[in-house]
Amino acid sequence: MPTPNIDRMAAEGMMFTSFYAQPSCTPGRAAMQTGRIPNRSGMTTVAFQGQGGGLPAAEWTLASVLKTAGYKTFFTGKWHLGEADYALPNAQGCDEMKYCGLYHLNAYTYGDPKWFSDMDPKLRAMFQRMTKGALSGNAGE
């Protein structure tokens, strides 16, 4: 498929050849989305269902920077940067998010009684309440 805008952006832009990886998915995603080490955004541990919070509302993301240049922005896939409304992709610079998963993919099995059958019922109820399927929405929703 032709990608003239991406090709032009690559030709006129800057090339980055090094990226320092993080030890787990939430810090790695925070680093990739913000371009900063996770300590700067407070995203140093794996985000977990029910803990609330997430990527700070004031944080600049790749999407929010691109929006200032007039780009339309979109996110799909695993976000894993928090569950608070202010931390979701549609509040972090994305015009639209579609089929967005908030957690690591096996988290969606925690509420299933066949998995870890002797789990505390209160904990299982929390997982069943908090761990839903994919989210979709637009900026401002």
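In this text the structure is predicted, and so the values were computed from the model without any measurement.

Caption draft 1: Up close: the overall build of the protein chain. A tally of helices and strands in the protein chain yields 5 helices and 3 strands. Helices and strands in the protein chain line up, N terminus first, as α-α-α-α-β-β-α-β. Viewed in the frame of its principal axes, the protein chain has a C-alpha envelope of about 60 × 30 × 30 Å. Here the protein chain holds 141 residues, and the buried ones make up 33% of them. Summing over all exposed atoms, the protein chain offers an accessible surface of approximately 9200 Å²; the carbon and sulfur share of this is 60%.

Caption draft 2: Quick look at the pattern of salt bridges. Inspection of every chain in the model, using the stated rule, returns 4 salt bridges. Ionic pairing is found between Arg8 and Glu12, a salt bridge with its closest N-O pair at 3.9 Å. Here Arg8 pairs with Glu12, and both are found in helix α1 (residues 4-12), just 4 residues apart, close to one helical turn. Since its relative accessible area comes to 62%, Glu12 is described here as exposed. Between Glu59 and Arg36 there is a salt bridge, with its nearest N and O atoms 3.1 Å apart. Taken together, the positions of Glu59 in the loop between α3 (38-41) and α4 (62-68) and Arg36 in the loop between α2 (25-34) and α3 put the pair 23 residues apart, joining distant regions of the chain. For Glu59, a relative accessible area of 10% puts it in the buried group.

Criteria and thresholds
Residues numbered from 1 in each chain as written. Predicted model: local features only at pLDDT ≥ 70, side-chain atom pairs only at ≥ 80, totals over all residues. Heavy atoms only, no water. Helix = DSSP H or I, 4+ residues; strand = E, 2+ residues; numbered from the N terminus. Buried < 20%, exposed > 50% of the residue type's maximum accessible area, 1.4 Å probe, protein only. Areas by Shrake-Rupley, 256 points an atom, 1.4 Å probe, with all protein chains shown as cover. Salt bridge = Lys/Arg side-chain N within 4 Å of Asp/Glu carboxyl O.

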